[in-house]
Amino acid sequence: MYYKLCDLLSDLVQNALEADATLVKVELQESDYQLKVQIIDNGKGMSQETLQKVTGSFYTNGEKHPNRKFGLGIAFLIQTTEDTGGSWNIESTEQQGTTVTATFDLTHIDTPPLGEVPQFIRQIITFPCNTEIVIHRVKKTKTEQNEYTLIRSELTEILGNLEDAKILKLLGDYLHSQEYPQEE
């Protein structure tokens, strides 16, 4: 199992990128009790047969990582949601893309902590790729009401090279201000 939910989500976004997606949308909706995540890509998708296999433990097609004998990302998603009162769904169509939806019960004692959302966003925004990444974040709790959308191409246009250390620091500060506006 992953130590933090953001680690699991990062792995799922990486799957979308490795499926040759030109667009990946990540939606994070958080309340006091639940985190709902949806990762939508327009990549190569999967057949229904492959979709059934991928939801089983240890499946890999051997294409992404030729030396790897098994994959665990989807298996961990399923285990984490089912063992903690959440839910999951994967829909995919060949040559059209995949949608992964997961709901995590944040009150369940065994649900891993969410982790640092700004770090997660910075990580996926700066994955080496030419993919457009759109992130929509909604946080509505008793103490916080926050919503923002980030688009990778807009950040790149404004900031420039997303691999530069100074730019990464600036991006991290910006993401922190978006996630925790009450601290500013």
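Residues numbered from 1 in each chain as written. Predicted model: local features only at pLDDT ≥ 70, side-chain atom pairs only at ≥ 80, totals over all residues. Heavy atoms only, no water.

1. A word on unusual backbone geometry
For clarity, the cut-off: Any residue under 20% of the maximum accessible area for its type is buried, any over 50% is exposed, and the rest in between are partly exposed; the area is computed with a 1.4 Å probe on protein chains only.
Look at aspartate 20: it is not a glycine, yet its phi comes out positive at around 65 degrees. Although it is not a glycine, glutamine 95 sits at a positive phi angle of roughly 65 degrees. Of the residues examined, glutamine 95 reaches a relative accessible area of 66% and is grouped as exposed.

2. Remarks on helix α3 (residues 73-83)
Our working definition: For helices the rule is a DSSP run of H or I covering at least 4 residues; for strands it is a run of E covering at least 2, with both sets numbered from the N terminus onward. Any two residues whose heavy atoms approach within 4.5 Å at even a single point are treated as in contact.
Among the eleven residues that make up α3, eight are buried, leaving the element largely enclosed by the rest of the structure. Gly73, Ile74, Ala75, Phe76, Leu77, Ile78, Thr80 and Thr81 are the residues of α3 that are buried. Those residues of α3 that are buried are in contact with α1 (5-18), α2 (48-54), β3 (87-93) and β4 (97-105). After α3 finishes, the residue glycine 85 shows a positive phi value of roughly 80 degrees.

3. Some thoughts on the pairing of strand β1 (residues 23-30)
What counts is decided by this rule: DSSP-based pairing: two strands are paired if at least 2 bridges between them are found.
With burial as the criterion, only one face of β1 is covered, namely that bearing Val24, Val26, Leu28 and Glu30; the residues Leu23, Lys25, Glu27 and Gln29 on the opposite face remain uncovered. Here β1 runs beside strand β5 (residues 132-140); their pairing, made up of eight bridges, is parallel. Bridge pairing in β5 places lysine 25 opposite valine 134. Here β1 pairs with strand β2 (residues 34-41) via seven bridges, running antiparallel.

4. Considerations on the sheet that holds β3
Note the threshold: To get an axis, fit a line to the C-alpha atoms, keeping to the stretch in contact for a helix; angles then go from 0 to 180 degrees between the N-to-C directions.
Read across the open sheet, the six strands follow the order β3-β4-β2-β1-β5-β6; overall the sheet is mixed. A single partner strand is all that each edge strand has here, and the edge strands are β3 and β6 (145-151). Each strand of the sheet is rotated relative to its neighbour by a mean of 5 degrees, with strand direction disregarded. This element, α3, spans β3 and β4 of the sheet and lies at about 30 degrees to β4. Most of the contacts of helix α4 (residues 117-125) go to β5, to which it runs at about 170 degrees, and overall it touches β1, β5 and β6.

5. Observations regarding the side chain of threonine 98
Selection rule: In protein, a polar contact means a hydrogen-donor-capable atom and an acceptor-capable atom, both N or O and within 3.5 Å, with residues adjacent in sequence counting only if both atoms are side-chain atoms; elsewhere, any N or O pair within 3.5 Å suffices.
With respect to the helices and strands, the residue threonine 98 is situated in strand β4. Side chain to side chain, threonine 98 and serine 92 meet in a polar contact 2.7 Å long.

6. Here we look at the pattern of salt bridges
Spelled out, the test is: Between Lys or Arg on one side and Asp or Glu on the other, a salt bridge is scored when a side-chain nitrogen of the former is within 4 Å of a carboxyl oxygen of the latter.
Tallied over the entire structure, the rule returns five salt bridges. The salt bridge involving glutamate 179 is made with arginine 137; its shortest N-O contact spans 2.5 Å. Residue glutamate 179 is located in helix α6 (residues 165-179), and its partner arginine 137 is located in strand β5; the two are separated by 42 residues in the primary sequence. Here aspartate 173 and lysine 169 are joined by a salt bridge, their closest N and O atoms 2.8 Å apart. Separated by four residues within a single helix, aspartate 173 and lysine 169 lie in helix α6, roughly one turn from each other.

7. With respect to the nonpolar core
For clarity, the threshold we go by: Among buried residues, the Ala, Val, Leu, Ile, Met, Phe, Trp, Tyr and Cys ones that are joined through side-chain atoms within 4.5 Å form a nonpolar core.
Counting 44 residues, the largest nonpolar core has Val13, Val26, Phe104, Phe120 and Ile121 as its most contacted members. Top element by residues in this core is α1. It accounts for eight residues.

8. Some thoughts on the environment of glutamine 34
Looking at where glutamine 34 falls in the secondary structure, it is placed in strand β2. Beyond its immediate stretch of four places on either side in the chain, glutamine 34 contacts Gln29, Thr103, Phe104 and Leu106.

9. Section: the packing of α1 against α4
Cut-off, in case you're wondering: What sets the label is the angle itself: under 35 degrees gives roughly parallel, over 145 gives roughly antiparallel, 65 to 115 gives roughly perpendicular, and the rest give oblique. Handedness of a crossing is defined here by the sense of rotation of the near helix relative to the far one, left-handed for an anticlockwise turn of less than a right angle and right-handed for a clockwise turn. For this classification, Asp, Glu, Lys and Arg are treated as charged, while Ala, Val, Leu, Ile, Met, Phe, Trp, Tyr, Cys and Pro are nonpolar and the rest, including Gly, are polar.
With their axes 10 Å apart at the nearest point, α1 and α4 run at an angle of 15 degrees to one another. Considering the angle they form, α1 stands roughly parallel to α4. Considering only the axes of α1 and α4, their crossing is right-handed. Contacts between α1 and α4 involve Cys6, Leu9, Ser10 and Val13 from the former and Val117, Phe120, Gln123 and Ile124 from the latter. Residues belonging to the contact of α1 with α4 are distributed by class as follows: six nonpolar, two polar and no charged.

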